[in-house]
Amino acid sequence: MIVSRTEHFLSSLTSDKLSAKDNQQGNTATDVNNEVELSSKGSKLSEVYDELKGKFNARAMSPNEMEDLAVFLEEKGVISSSEAAVMAFHLDPSQMSSEGEKLDRDKPIDQMERWTERLEFSKNRNMAESIETNQTIVNILKSLA
């Protein structure tokens, strides 16, 4: 059900907007702007949803796949180049070889869990810019879960 899944994604974007307490300035004007920006991203994502479905699994996605997703979304105008850079960067100790030499960039992990944890970390430390970027990435991954 593409329509209901897209509608779910769009509603999650607007419901996950930053609250005033998460905003360092604490003003609601910025919150309104965030809601508009997130809604705009949801609209752009819904336009490319058919191309994404079945290609990416947020619960089992390798760093290489995450990078491919970031590049695709940036090319389609869904996310900015800075958001794509954050989304594509990956350093997960669980994917290091036993010698600690290199990251296995083809080993799938639960990206939804990873990015949700990063979002919570950002919120707990009141890192406004990171909160916004991480929330965008979590919302995108929710649409793929």
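Residues numbered from 1 in each chain as written. Predicted model: local features only at pLDDT ≥ 70, side-chain atom pairs only at ≥ 80, totals over all residues. Heavy atoms only, no water.

## Some remarks on the overall build of the protein
Working step 1: Across its full length, the protein holds six helices and zero strands.
Working step 2: Put simply, the protein has 145 residues, and 39% of those count as buried.
Working step 3: By sequence separation, contacts in the protein at least 24 residues apart represent 64% of the contacts at least 6 residues apart.
Working step 4: Surface accessibility of the protein: about 7900 Å² in total, with carbon and sulfur atoms responsible for 51%. (Helix = DSSP H or I, 4+ residues; strand = E, 2+ residues; numbered from the N terminus. Buried < 20%, exposed > 50% of the residue type's maximum accessible area, 1.4 Å probe, protein only. Contact = heavy atoms within 4.5 Å. Areas by Shrake-Rupley, 256 points an atom, 1.4 Å probe, with all protein chains shown as cover.)

## Some details on the confidence of the model for the protein
Note: predicted coordinates in regions of low pLDDT should not be interpreted at a detailed level.
Working step 1: Averaged over all residues, the pLDDT of the protein equals 74, while 63% of them reach at least 70.
Working step 2: Under a pLDDT of 50 for its full length, residues 1–38 has, in the predicted model, 50 contacts with residues more than four places off or in other chains. (pLDDT = per-residue confidence, 0-100.)

## Quick notes on the nonpolar core
Working step 1: Counting residues in hydrophobic clusters, the biggest one holds 25 residues, and the most contacted among them are Leu52, Leu69, Leu73, Met87 and Leu141.
Working step 2: Listing elements by their share of this core, those giving two or more residues are helix H2 (28–52), helix H3 (63–75), helix H4 (81–88), helix H5 (111–124) and helix H6 (128–144).
Working step 3: With sequence-adjacent residues up to four places away left out, Leu52 is seen in contact with Leu45, Leu69, Phe72, Leu73 and Leu144. (Core = buried A, V, L, I, M, F, W, Y, C linked by side-chain atoms within 4.5 Å.)

## Remarks on H6
Side chains that are three or four residues apart share a direction in an α-helix, a result of its 3.6 residues per turn.
Working step 1: Between its first and last C-alpha atoms H6 spans 25 Å; for 17 residues at 1.5 Å apiece the expected length is 24 Å, and the two agree.
Working step 2: Of all the 17 residues making up H6, 13 are buried; the element is thus mostly covered by neighbouring parts of the structure. (Expected span 1.5 Å × (residues − 1).)

## Re unusual backbone geometry
Working step 1: The phi torsion at Asn126 lies on the positive side, around 50°, for a residue other than glycine.
Working step 2: Along the polypeptide, Asn126 turns up in the loop between H5 and H6.
Working step 3: On the accessibility criterion, Asn126 (31% relative accessible area) is partly exposed.

## Topic: the pattern of salt bridges
Working step 1: For the structure shown, the criterion picks out three salt bridges.
Working step 2: A salt bridge links Glu51 to Lys76, with the shortest nitrogen-to-oxygen separation between them at 3.7 Å. Pair noted here: Glu51 is in helix H2 and Lys76 is in the loop between H3 and H4, with a separation of 25 residues, a long-range link.
Working step 3: With a closest N to O distance of 3.0 Å, Glu67 and Arg105 form a salt bridge. On the criterion of sequence distance, the pair formed by Glu67 in helix H3 and Arg105 in the loop between H4 and H5 is long-range, its members being 38 residues apart.
Working step 4: Residue Glu67 is classed as partly exposed on the basis of its relative accessible area of 34%. (Salt bridge = Lys/Arg side-chain N within 4 Å of Asp/Glu carboxyl O.)

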